[in-house]
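A look at the structure
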Amino acid sequence: MEDKYIPLSSLSIGEKARVIKLTSDGLMRRRLLDLGLIKNTVVEALHKSPFGDPVAYLIRGAVIALRSEVASMILIEKLHVEGE
Amino acid sequence: MGLSSASTGINLLQEELKIEKATPEDRIIALGGNPNVGKSTVFNGLTGLNQHTGNWPGKTVTNAYGVYRYKESNFILVDIPGTYSLMANSVEEEVARDFICFGEPHTTVIVVDATCLERNLNLVLQTLEITSNVILCVNLMDEANRDMIVTTLINLSERISKEVVTINNKAYNDFDRKIDDYLTSKKFGIPIMILLLMVIFWITISGANIPSELLAKGFSYMEGKLTLFFQWIKAPPWLHNVLVLGIYRTLSWVVSVMLPPMAIFFPLFTLLEDLGYLPRVAFNLDNFFKKSHACGKQALTMCMGFGCNAAGVIGCRIIDSSRERLIAIITNNFVPCNGRFPILIAVISMFFVGFFKGPFQSIFLALILTAVIILGILMTLLVSKFLSRTILKGLPSSFTLELPPYRKPQVGKIIIRSILDRTLFVLGRAVVVAIPAGLIIWIMANLYIGESSLLTYTANFLNPLAKLIGLDGHILLAFILGFPANEIVIPILLMSYMATGSLVELDNLVELKAILIANGWTWVTALSVMLFSLMHWPCATTCLTIRKETQSLKWTIISFLVPTVAGFTACFIVVNLIRIIGLI
């Protein structure tokens, strides 16, 4: 399957992905970089909150909750689990 | 930041950090790092201060410091707020950066978490950009990964050519993942939260019953002895009245009604805090706050408000956007602090659970109390939304919230810290305020203007306004005189009723209810008192704290008015709806 760059907000729970780039700028970009979201960082969607948003992601060993607006500014490439 | 004697009350008004060196040779060491990396553990380990830490990001919002001695030198260790960066995006980051830049520490220790080393090194780099003396302290996770990490560390430490110290910490693992699957799930997330709140209230209420009664009996016995003593020394009756019937009775009320529930509630709540449950609450509730155009971390500041609204207001520093921080500050008062719980519990048990017997009574009581708290949370959201649409217009800012791994609570420490720091402190404040309040009430009751006492005069003056919202002049006066601390509203009310009528011994709630009913209380009065105690002006300490935090008289006045107007409106609507429907 051909991988497309999709926003992190569309990653399903349990799926892993690789960060391609951040589309935000200014303060938000700085914040995301501070969390370690640089190119090639692997993230995993862990939990949805009871109302679906925010979602908790495993980022570099820490679990960080992001609202959908923020997650949509992070472009990713899905990583496929072996056997798929 | 945990609720402690340093973080509540008057101390928080003078938190300017003044470091006093014993000798000029004393070394100052700044201790920084990302949130939740175990910084405070290092701090406590070195200083032995046992500073209590909550398991959620942003608990250290001011600089704390401690001193230790090593090889004949004094080291002053300054615990600066945990941050992801030093770019001064938020108050915490500003505090951290300012101290490293201008506090002139001899050395800055940055604690990093080995489980997310790469992210942590960002802060190390930023620190190295502004100061030259940096020690890197790495928190290691488990044995299995130790070898690999040590290898990496050696390479890293060579590259950064800084010293490396190691201690132990825990990473987010499968266990945490499984627990979060339940605690944050669509089906169970919110119900578990409400259930936990209810269980805490239930344990508090049923556990406090017997000790409360014992204390009241003890105080009553002592009162008899005191009266005999006053008769023996042939003291004038007015002296006995003011000291024993006024001040002593107020004090015994405050202690016997407040001490047992606090001694149970605080440790239980601290336990949840220590486990790391509070960030999950913020995670579960964030969607509501987003819809109110507010920050999800407001749920955390709300939780702190349960202990003390002044502490909750200071806690608002963890919110980056100044618009959202103001919303959190203004609405913090909608969660009842510990001073207001006794009012709610007393009123509910007297007027709303009478038809239940035995254990069901306390379960039902906890249920109603939980409903009141949920109403407070709904008001918080509603008012936040209203503020976002009017005087604090704006879109919700982006926010990131870390969910730290669960940690084993240190039970012994929790009990000691929450009783010493929280319970005794809050009780002490109530007692200190109760004495002058008792005196003022006594003077007001015995100073006559024409035919009636100053107390009756003022209460009568307030009566028409109070009646509009289902209260009476005495109740409104009690809330006004309770401005220094909410803990004393009920004692003031009792003294106010008793000063105009007969004096009654107060051993239990049955007698209290008799006094209230004799003064015209119905279940509607009780309902209005509950609503009004949930929603009225913040206490004096909270107002001063707001003034300090916002640096603005305007926002302090708004913070005073918003809950007050909400309370008057809510009571007015409810009381008149009941009248129209014809329930009374």
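Quick summary incoming for the structure in this document.

The rules we used
Residues numbered from 1 in each chain as written. Chains lettered and ligands numbered in written order. Predicted model: local features only at pLDDT ≥ 70, side-chain atom pairs only at ≥ 80, totals over all residues. Helix = DSSP H or I, 4+ residues; strand = E, 2+ residues; numbered from the N terminus. Buried ≥ 20, exposed ≤ 12 C-beta atoms within 10 Å, placed from the backbone. Contact = placed C-beta atoms within 7 Å. Pairing = 2+ DSSP bridges. Expected span 1.5 Å × (residues − 1). Axes fitted to C-alpha atoms, helices over the stretch in contact; angles between N-to-C directions. Parallel < 35°, antiparallel > 145°, perpendicular 65-115°, else oblique. Nonpolar A, V, L, I, M, F, W, Y, C, P; charged D, E, K, R; others polar.

Counting its regular elements, chain A contains two helices and six strands. The order of α-helices and β-strands along chain A, N terminus first, is β-β-α-β-β-β-α-β. Its C-alpha atoms give chain A principal-axis dimensions of roughly 40 × 30 × 20 Å. Looking at chain A as a whole, 38% of its 84 residues are labelled buried. Restricting the contact set of chain A to residue pairs at least 6 apart, pairs at least 24 apart contribute 56%.

Turning our attention to the interface of chain A and chain B. Between chain A and chain B, the residue contacts involve 25 residues of the former and 30 residues of the latter. Only α1 (26-34), β3 (42-48), β5 (62-66) and α2 (68-71) of chain A provide two or more residues apiece to the side of chain A that touches chain B. Sheet topology places β5 of chain A next to strand β7 (residues 400-402) of chain B; three bridges connect them, and they run antiparallel. When the bridges of β7 of chain B are listed, Ile-64 of chain A appears paired with Glu-402 of chain B.

This part is about the environment of Val-431 of chain B. Residue and element names in this part refer to chain B. For Val-431, the position within the fold is in helix α14 (residues 411-446). Judged by the 17 C-beta atoms lying within 10 Å of it, Val-431 is partly exposed. Taking the C-alpha atoms as reference points, Val-431 and Ile-488, 57 residues apart in sequence, are found 8.7 Å from one another. Residues within four places of Val-431 in sequence aside, it is in contact with Leu-251 and Val-254.

Residues and elements named next belong to chain B. Between its first and last C-alpha atoms helix α21 (residues 553-581) spans 42 Å; for 29 residues at 1.5 Å apiece the expected length is 42 Å, and the two agree. Considered for burial, the residues of α21 that qualify are Thr-556, Ser-559, Val-562, Pro-563, Ala-566, Gly-567, Cys-571 and Val-575. Where α21 is buried, its residues contact α11 (322-331), α13 (359-389), α19 (523-534) and α20 (540-550). Taken from the residues just after α21, Gly-582 is the one with a positive phi, measuring 90°.

Geometrically, the link from Asp-53 of chain A to Pro-54 of chain A is a cis peptide bond, its omega value of 0° lying close to zero. Here Pro-54 of chain A lies in the loop between β3 and β4 (55-59). Here the phi dihedral of Lys-234 of chain B falls at roughly 55°; this positive angle occurs in a residue that is not glycine. Secondary-structure assignment places Lys-234 of chain B in the loop between α6 (189-232) and α7 (237-275). In the Ramachandran plot, Gln-551 of chain B falls in the positive-phi region, its phi being about 55° despite a non-glycine side chain. Mapped onto the elements of the fold, Gln-551 of chain B is located in the loop between α20 and α21. Exposure remark for Gln-551 of chain B: the 8 C-beta atoms within 10 Å place this residue in the exposed category.

For any two helices packed against each other, one specifies the crossing angle of their axes together with the interaxial distance. Residues and elements named next belong to chain B. Interhelical geometry of helix α12 (residues 341-351) versus helix α18 (residues 509-518) gives an angle of 85° and a closest axis separation of 10 Å. In terms of orientation, α12 and α18 fall into the roughly perpendicular class. Packed against α12, whose contacting residues are Ala-346, Ser-349 and Met-350, the element α18 presents Leu-509, Leu-512 and Lys-513 at the interface. Considering only residue class, the contact of α12 with α18 consists of four nonpolar, one polar and one charged.

In short, shape yes, function no, at least from these values alone.
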